[in-house]
Amino acid sequence: MAAAQNPSENANARLRLARTLSQSGNQAEADRVYHSLLNDLSGARDPEGVGYRFYAAERLLESKRDTPSVTAFLHRETASENRLTLPELYMLRTLLGPDPKLSERIADMELTIALAKDISRVRAQVENGAAWVPYGREPWLVTVTTAQLPLPGLVVAVSSSKIAPPGIQLLSRTTQGDPLGETLPGLHVEWSDNRLFDSPRRELPVTFWITGLALVLGIAVFGGYLLLRDVNRDVRMTEVRSQFVASVSHELKTPLTAIRMFAETLAMGRSRDERVRSEYLETIVNESERLARLVDNVLDFSKIEQGKKIYRLRPTRLDDVTGSAVRAMQFPLAQQGFKPSRLRR
């Protein structure tokens with residue numbers, strides 16, 4: 001903590017300190033450090049974009065100590081106007097469960113990320129003469145301003161549901177309502193007083209209207225389905241990747257912490273007992289093997305996602321597999337007070 005050069009390093013050090021205190025049985029002191037992180041106003045986040053105060057809240061909920069105050073803190077973060085990252089919103093949803101306001105913020109953030117990926121298409125429509133481009137289900141009305149030094153071109157997005165007058169609903173990717181012209185491509189307005197049905201266009205044959213409406217509606221629904229499928233797929237992949245990165249980060253920190261702790265103990269010569277030193281060295285080797293397996297799993301996951309994973313099936317001894325699993329879990333179970341025993345065959 002004394003060597004920390006910025007708030008993130010300091011918060012990370014305090015989180016590691018609290019975990020060490022908790023594992024050593026000093027839960028009261030660990031809770032004190034976790035609560036200090038809850039009240040940290042520096043906004044420090046880890047490389048995945050998750051604030052350290054949320055990790056502290058997660059640990060306090062797991063220990064079931066002072067749960068009401070931690071839950072109140074999470075609800076305050078959900079209701080506040082603070083800028084939260086998408087991984088933080090996902091973590092809040094995991095800790096609190098379903099919440100309408102939180103779901104709305106997640107939907108807005110996901111739509112923002114999707115818009116950022118699709119901004120080149122929106123920009124092209126604006127450059128082709130569109131004043132506002134509808135985007136998403138709601139929809140959002142999006143435009144790109146002209147760059148005027150010293151300011152660059154800005155992306156402006158407005159929620160149509162919040163600006164439409166009473167009795168008027170703006171629709172996107174639909175044949176309902178009146179189209180608003182080429183400067184608002186794909187955007188229609190629906191009137192609550194059914195003005196559309198009083199239009200002189202009803203003088204045309206009814207069959208013509210039915211056929212044309214069915215054709216346009218079918219094309220619009222199919223196009224909307226394709227767009228919605230692509231957007232949902234990108235959003236799901238973004239969520240899976242965020243959760244995967246967060247999970248892998250947690251899993252990698254555990255063996256690294258153990259290796260560093262035992263290595264520092266041996267380097268400082270605190271243990272003169274040869275048997276204890278041998279146990280420490282064995283633990284370092286086991287945790288290194290565990291770390292290597294985690295890295296191999298990440299690489300295998302990447303190959304599977306790219307379709308490059310090669311599977312080679314071969315006979316394997318069952319006792320080798322179970323022995324590897326036992327060695328992987330030996331140290332974590334020993335820290336919880338479990339002792340090995342021989343099983344009868």
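Residues numbered from 1 in each chain as written. Predicted model: local features only at pLDDT ≥ 70, side-chain atom pairs only at ≥ 80, totals over all residues. Heavy atoms only, no water.

Caption draft 1: Quick peek at the overall build of the protein chain. Counting its secondary structure elements, the protein chain contains eleven helices and six strands. Counting the 345 residues in the protein chain, one finds 30% classified as buried. For the protein chain, restricting intrachain contacts to residue pairs at least 6 apart in sequence, the fraction spanning at least 24 positions comes to 44%. When the accessible surface of the protein chain is summed, it comes to about 23,500 Å², and 58% of that surface belongs to carbon and sulfur atoms. (Helix = DSSP H or I, 4+ residues; strand = E, 2+ residues; numbered from the N terminus. Buried < 20%, exposed > 50% of the residue type's maximum accessible area, 1.4 Å probe, protein only. Contact = heavy atoms within 4.5 Å. Areas by Shrake-Rupley, 256 points an atom, 1.4 Å probe, with all protein chains shown as cover.)

Caption draft 2: Quick look at the pairing of strand β2 (residues 140-144). Here β2 lies mainly inside the structure; five of its five residues are buried. Residues Trp-140, Val-142 and Val-144 line one face of β2 and the alternating positions Leu-141 and Thr-143 line the opposite face, and both faces are buried. Relative to β2, strand β1 (residues 133-135) is paired through three bridges, and the arrangement is antiparallel. Looking at β2, one finds that Pro-134 is bridged to Leu-141. Taken together, the five bridges between β2 and strand β3 (residues 155-159) define a ladder with antiparallel strand orientation. The partner of Val-142 across the bridge, within β3, is Ala-157. (Pairing = 2+ DSSP bridges.)

Caption draft 3: The side chain of Glu-77, seen in detail. Structurally, Glu-77 is set in helix α4 (residues 67-79). Residue classification places Glu-77 among the buried residues on the basis of a relative accessible area of 10%. Apart from residues lying up to four places away in sequence, Glu-77 is in contact with Arg-53, Phe-54, Asn-82, Leu-84 and Arg-105.

Caption draft 4: Region of the structure containing the packing of aromatic side chains. Under the definition given, this model contains two aromatic pairs. Residues Phe-54 and Phe-73 carry aromatic rings whose centres are separated by 6.2 Å and whose planes lie at 45° to one another, so their mutual orientation is tilted. With Phe-54 in helix α3 (residues 52-63) and Phe-73 in helix α4, this residue pair connects regions lying 19 residues apart in the sequence. When sorted by exposure, Phe-54 lands in the same class as Phe-73, which is buried. (Phe/Tyr/Trp six-rings, centres within 6.5 Å; stacked < 30°, edge-to-face > 60°.)

Caption draft 5: Looking closely at the sheet that holds β2. Across the sheet, three strands lie side by side as β1-β2-β3; this open sheet has antiparallel pairing. Looking along the sheet, the strands with just one partner apiece sit at the ends: β1 and β3. Across the sheet, the mean angle from the axis of one strand to that of its neighbour is 30°, orientation sign disregarded. Across the sheet, helix α6 (residues 100-117) is in contact with β1 and β2; its angle to β2 comes to roughly 35°. The strands touched by helix α7 (residues 119-127) within the sheet are β1, β2 and β3, with β1 carrying the most contacts at an inclination of about 155°. (Axes fitted to C-alpha atoms, helices over the stretch in contact; angles between N-to-C directions.)

Caption draft 6: Structural detail: the pattern of salt bridges. Using the criterion set out here, one finds twelve salt bridges in the structure. One salt bridge connects Asp-230 with Arg-229, and the closest N-O pair in it is separated by 3.9 Å. The class for Asp-230 is partly exposed, based on a relative accessible area of 29%. On the basis of relative accessible area, Arg-229 is assigned to the partly exposed category, the value being 42%. Here Asp-319 ties to Arg-317 by a salt bridge, and the two come within 2.7 Å at their closest N and O atoms. A single salt-bridge network, built from bridges that share partners, covers Arg-229, Asp-230 and Arg-233. (Salt bridge = Lys/Arg side-chain N within 4 Å of Asp/Glu carboxyl O.)

Caption draft 7: Structural context of the nonpolar core. Core analysis: the largest hydrophobic core is formed by 30 residues, its most contacted members being Tyr-34, Leu-38, Phe-54 and Leu-74. Looking at this core, the elements with two or more residues in it are α1 (7-23), α2 (27-38), α3, α4, α5 (86-96) and α6. The element contributing the most residues to this core is α3, with seven residues. If we skip the residues at most four places from it in the chain, Leu-38 touches Arg-53, Ala-56, Ala-57, Leu-60, Val-70 and Phe-73. Membership of the second largest hydrophobic core comes to 13 residues, among which are Leu-115, Tyr-135, Val-142 and Val-235. (Core = buried A, V, L, I, M, F, W, Y, C linked by side-chain atoms within 4.5 Å.)

Caption draft 8: Highlighting the environment of Asp-66. Locating Asp-66 in the fold gives a position in the loop between α3 and α4. By relative accessible area, which is 40% here, Asp-66 ends up partly exposed. Once the C-alpha coordinates of Asp-66 and Asp-31 are considered, the two residues, 35 residues apart in sequence, prove to be 9.1 Å apart.

Caption draft 9: Expanded view of α2. Taking 1.5 Å per residue, twelve residues should reach 16 Å; α2 reaches 16 Å between its end C-alpha atoms and fits that length. Among the residues making up α2, those that are buried are Ala-30, Asp-31, Val-33, Tyr-34, Leu-37 and Leu-38. Looking straight down α2, one finds its buried side chains confined to an arc of 160°; they lie on one side. Where α2 is buried, its residues touch α1, α3 and α4. (Expected span 1.5 Å × (residues − 1). Arc of directions from axis to C-beta.)

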